[in-house]
Amino acid sequence: MENSKEDYKIQSFDPETQNLLKTALKDPSSVDLEKVSSVIVEQSLKDQVFSKEAGRICYTIVQAEAKVNNGSIFRRNLLNRLQQEFQAREETRSRSLQEWVCFVTFICNIFDYLKVNNMPMMALVHPVYDCLFRLAQADSLKNEEEVDCLVLQLHRIGDQLERMSAQRMDDLFFLLRDGFLLEEGLGSMARLLLLEILEFRAGGWQLSDTAQKYYYSEVAD
């Protein structure tokens, strides 16, 4: 059986790219790190499973590079690519909802994994917030895939984000509350997910056992 820590979900790549990534994970100084960051970002935009794993791969490469020569070439290239994708986010959303949801999952995953002195990277705080605010707009709240993405990300990094900017989290939740109460045309699943995340934050980023049973039995049904 494969060691799950070594299984970075890279089987979907062609053999040459798998080899590039495996080398980058062990000896980043021996490969083109700009190419590695591009490969990871591009795959994350089209593969939802990989977009959830990519933060772990990036973290491992960053750690390996820092250990070998105290370098940060990979992280710099990764942030540059993220910035390009972030600036094109509206075009991405118009072109492909799936690609947009993958991008949000990816940037939140990177925010979760990549730390500087055990703190999230400041460069990512506002871009991540901007993506979540976009998911909280009326047109997105009518789309179950986007609501699902929003709620998943808030479960994962909401408490960390709130520590970085409580004011923006308050503003985001005002939008979500108003969307839940006032927006017509929300599907029943979107309403349930929004109610759950409102309660989740109100409970200090956790759900009571009763609420957990209620929401997850409803989702299962």
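Treat the numbers as computed from the prediction; the structure is a model and nothing was measured. (Residues numbered from 1 in each chain as written. Predicted model: local features only at pLDDT ≥ 70, side-chain atom pairs only at ≥ 80, totals over all residues. Heavy atoms only, no water.)

**Q** What should I look at first to understand the pattern of salt bridges in this one?
**A** Two side chains that carry opposite charge are able to pair once their charged atoms sit near each other. Counted under the stated rule, the structure contains 14 salt bridges. Close ionic contact of arginine 93 with aspartate 139 constitutes a salt bridge, the shortest N to O distance being 3.5 Å. In this pair, arginine 93 sits in helix H5 (residues 89-95) while aspartate 139 sits in helix H8 (residues 138-141), placing the two residues 46 residues apart along the sequence. Residue arginine 93 is classed as buried on the basis of its relative accessible area of 16%. Overall, the relative accessible area of 38% leaves aspartate 139 in the partly exposed class. (Salt bridge = Lys/Arg side-chain N within 4 Å of Asp/Glu carboxyl O. Helix = DSSP H or I, 4+ residues; strand = E, 2+ residues; numbered from the N terminus. Buried < 20%, exposed > 50% of the residue type's maximum accessible area, 1.4 Å probe, protein only.)

**Q** Help me understand helix H4 (residues 73-87) in this model?
**A** Residue pairs spaced three or four apart in an α-helix point in one direction, given the helix's 3.6 residues per turn. Counted at 1.5 Å a residue, the expected span for H4 with its 15 residues is 21 Å, and the 21 Å between its end C-alpha atoms agrees. Three or more residues of H4 are buried, namely Phe74, Asn77, Leu78, Arg81, Leu82, Glu85 and Phe86. In this structure, the buried side of H4 is in contact with helix H2 (33-46), helix H3 (48-69), H5, helix H6 (97-113) and helix H7 (122-135). (Expected span 1.5 Å × (residues − 1). Contact = heavy atoms within 4.5 Å.)

**Q** Hey, could you run me through unusual backbone geometry in this one?
**A** Excluding glycine, most residues fall at negative phi; most peptide bonds, likewise, are trans. Unlike most non-glycine residues, asparagine 70 shows phi in positive territory, near 55°. Looking at where asparagine 70 falls in the secondary structure, it is placed in the loop between H3 and H4. A positive phi is found at asparagine 117, a non-glycine position, where the angle reads about 50°. Here asparagine 117 lies in the loop between strand S1 (115-116) and strand S2 (119-120).

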